[in-house]
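# Structural features, examined
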Amino acid sequence: MKLWSGRFSKDTDKLVNEFNASIDFDSRLYREDILGSIAHASMLGIQGIIEPFEALKITKSLEEILEDIEAGNIQFSKDNEDIHMNIESILTLRIGETGKRLHTARSRNDQVALDFRMYVIKELGEVRLLILDLIDVLCTISKENINTIMPGYTHLQRAQPITFAHHLMAYVSMLKRDVTRIEDALVRIDEMPLGSGALATTTYPIDRQSVAKKLGFSKITENSLDSVSDRDFALEALFCLSAIMMHLSRFSEEIILWCSWEFRFIELSDSYTTGSSIMPQKKNPDVAELVRGKTGRVYGSLITLLTLMKGLPLAYNKDMQEDKEPVFDAFDTVKASLPVFTAMLSTMSVKSENMRSAAAGGFINATDCADYLVKKGLPFREAYTIVGRLVSQCITNDKTLENLSIDEYKAVSPVFDTDVYDYISLETCLANRKVPGGPAPESVLIQINSAKDFIKERKIK
Ligand code: ARG
């Protein structure tokens, strides 16, 4: 018999029973549901809404149910629709009449709002730690590659010299924002909705603040209608996850390029690549490709929930039961992607010679060559045109700026002297870019140290 069967004279159709039930996916909220119920029941006891001994009986039994679920000894049933009613039924089955008092001054609407919030808070915390692990690995690899010269690209064309460390630290900047974005979201999610009832609170003298405190929230939600109809917290979480995947997908794309034979900047470990069933020479970067691919799935979840919430009237609507699967899937996807991505990076080898020769071949010191003339007094635009002419000559004669003779230089502009060679050497080009945020080893070291502090501040907490 349904917990809500009072006003009904016919049984629920089998098809409806199937269609309506969410237990197959919301069972994963069991822990949050039980913790919420324990906090609610103790508050009811303290407030004298139920007898204190009944509150005790309820909380004790709920603790046992939690243990039994974790030990795998409980089977949920579709007849009880969702996790909330499943647990309440088990409770009543175990302790009889007293179990029926738990739902006093509460509705499934505020219950699910609470459970889902608690779940999102917990998962965001886990994702945050996984990002910190990735940042940590990137700092280690960067430290080792602070002098590893590589071409920096714009439009995927060789542009100016940077180091591998500088490139990796760009991802660290993105990932640090991912961490602080989660932290910002967590501040807003930190509001306890229980006590909002179905939509208009309750007439019982409940103490919402004490429930909030017991559950680790720092405040309660302000409006009961909003509390039961708000899913902004889940949307913000999905945006956080989408941004993380967007960053990982860009990184994946570069990994895929870098380990191609056209680039050969890195080699992934055998343990993090796969072979082909037909082409014996293949070593495929499946992990990076899958991370890139799974990004679409996480964006899909964000769009699903935005679309689900669009135009819904206040307050709770059953449509909102559809909020969970996209959120669960997005968290599962990000939590599966981050550790394997981190491990793939920490086991890759860096082909610094190949990076260096790519950096030496693409005129990436042309800007520096123009700057050399500027330092000798020419206006930048004029210097730019002169170097453009030199580059064009080099391309025709299959040369580089490094191996043009001084006479060839002087023929284009008498301002050139033999000190040009030192000025346009890749090492000088790098060392000269020591402004904050730049690729010079000393600047990158500052970035690495600040990222390490960022991790340390957070891992202590
Ligand atoms: N399973 C429902 C959900 O996930 C719980 C809330 C149901 N409330 C209701 N009035 N039917 O949204």
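A brief report on the enclosed structure follows. Predicted model only: the values in this text are computed from it and were never measured.

How each quantity is defined
- Residues numbered from 1 in each chain as written.
- Predicted model: local features only at pLDDT ≥ 70, side-chain atom pairs only at ≥ 80, totals over all residues.
- Heavy atoms only, no water.
- Helix = DSSP H or I, 4+ residues; strand = E, 2+ residues; numbered from the N terminus.
- Rg over C-alpha atoms; globule rule 2.2 N^0.38 Å.
- Buried < 20%, exposed > 50% of the residue type's maximum accessible area, 1.4 Å probe, protein only.
- Contact = heavy atoms within 4.5 Å.
- Areas by Shrake-Rupley, 256 points an atom, 1.4 Å probe, with all protein chains shown as cover.
- Near = heavy atom within 4 Å.
- Polar contact = N/O pair within 3.5 Å; in protein donor to acceptor, adjacent residues only side chain to side chain.
- Nonpolar A, V, L, I, M, F, W, Y, C, P; charged D, E, K, R; others polar.
- Phe/Tyr/Trp six-rings, centres within 6.5 Å; stacked < 30°, edge-to-face > 60°.
- Lys NZ or Arg CZ within 6 Å of the ring centre and 35° of its normal.
- Disulfide = S-S within 2.5 Å.
- Axes fitted to C-alpha atoms, helices over the stretch in contact; angles between N-to-C directions.
- Parallel < 35°, antiparallel > 145°, perpendicular 65-115°, else oblique.
- Left-handed = near helix turned anticlockwise from the far one by under 90°.
- Core = buried A, V, L, I, M, F, W, Y, C linked by side-chain atoms within 4.5 Å.

The secondary structure content of the protein chain amounts to 19 helices and four strands. Against the globule reference of 23 Å for 461 residues, the protein chain gives a C-alpha radius of gyration of 30 Å, more extended than a compact globule. For the protein chain, the residues scored as buried account for 51% of the 461 residues in total. Residue pairs in contact within the protein chain that sit at least 24 positions apart in sequence constitute 76% of those at least 6 positions apart. In the structure as shown, the protein chain presents an accessible area of about 22400 Å², 54% of it carried by carbon and sulfur atoms.

Once that is clear, we can look at the environment of Leu241. Topologically, Leu241 is positioned in helix α10 (residues 232–258). With 117 residues separating them along the chain, Leu241 and Leu124 place their C-alpha atoms 8.8 Å apart.

With that settled, consider the site of the ligand. In the region of the ligand, the neighbouring residues are Ser22, Asp26, Asp82, His84, Arg108, Asn109, Val112, Tyr316, Gln321 and Lys324. Contact between the ligand and Arg108: a nitrogen atom at 3.4 Å from a side-chain N or O atom of the residue. Protein burial of the ligand: of its 340 Å² of free accessible surface, 86% is covered by the chains. Sorting elements by how many residues they give to the shell around the ligand places helix α6 (residues 108–144) first, with three residues. Residue classes in the shell around the ligand are distributed as two nonpolar, four polar and four charged.

Taken as a whole, this structure holds 14 aromatic pairs when the rule is applied. In textbook terms, an aromatic cluster arises when at least three aromatic residues are bridged by ring pairs, as seen for Phe116, Tyr119, Phe233, Phe328 and Phe331. Sitting above the plane of the Phe454 ring, Arg458 keeps its charged end 3.7 Å from the centroid.

To continue, consider the side chain of Lys324. Structurally, Lys324 can be placed in helix α12 (residues 324–346). Assessed through its relative accessible area of 3%, Lys324 is described here as buried. Setting aside residues up to four positions removed in sequence, Lys324 forms contacts with Phe25, Asp26, Leu29, Val112 and Phe116.

Note on placement: Gly361 falls in helix α13 (residues 352–361). With a relative accessible area of 38%, Gly361 lands in the partly exposed category. Residues Gly361 and Leu401, 40 residues apart in the sequence, show an inter-C-alpha distance of 9.2 Å.

Right, let's talk about the state of the cysteines for a bit. Evaluated as defined, the whole model comprises zero disulfides. The cysteine Cys429 is free of any disulfide, with Cys369 supplying the nearest cysteine sulfur at 9.1 Å.

Our next topic: the packing of helix α3 (residues 30–46) against α6. Where α3 contacts α6, the axes come no closer than 9 Å and their chain directions differ by 120°. One way to sum up the angle between α3 and α6 is to call them oblique. Crossing hand, α3 versus α6: right-handed. Facing α3, whose interface residues are Glu32, Asp33, Leu35, Gly36 and Ser37, α6 presents Gln111, Leu114, Asp115, Met118, Tyr119 and Lys122. Of the residues in the contact of α3 with α6, the class split is four nonpolar, three polar and four charged.

Put simply, Leu314 and Ala315 share a cis peptide bond, and its omega is 0°. Note on placement: Ala315 falls in the loop between α11 (286–309) and α12. Phi is positive for Leu156, close to 60°, though the residue is something other than glycine. Structurally, Leu156 can be placed in the loop between β1 (149–154) and β2 (157–163). You can call Leu156 exposed: its relative accessible area is 54%. A positive phi angle is found at Thr201, which is not glycine, with a value near 60°. Among the secondary structure elements, Thr201 is positioned in the loop between α7 (164–189) and α8 (208–214).

We now examine the side chain of Ser37. Take Ser37: it is sitting in helix α3. Look at Ser37 and you get buried, because its relative accessible area is 1%. Beyond its immediate sequence surroundings of up to four residues, Ser37 is in contact with Leu62, Leu102, Arg106 and Gln111.

Ile135, Ile255 and Leu345 are the most contacted members of the largest nonpolar core, which has 109 residues in total. By residue number, the principal contributor to this core is α6, which donates 15 residues. Among all residues touching Leu345, those that are not within four sequence positions of it are Leu134, Val137, Leu138, Ile141, Phe251 and Ile255.

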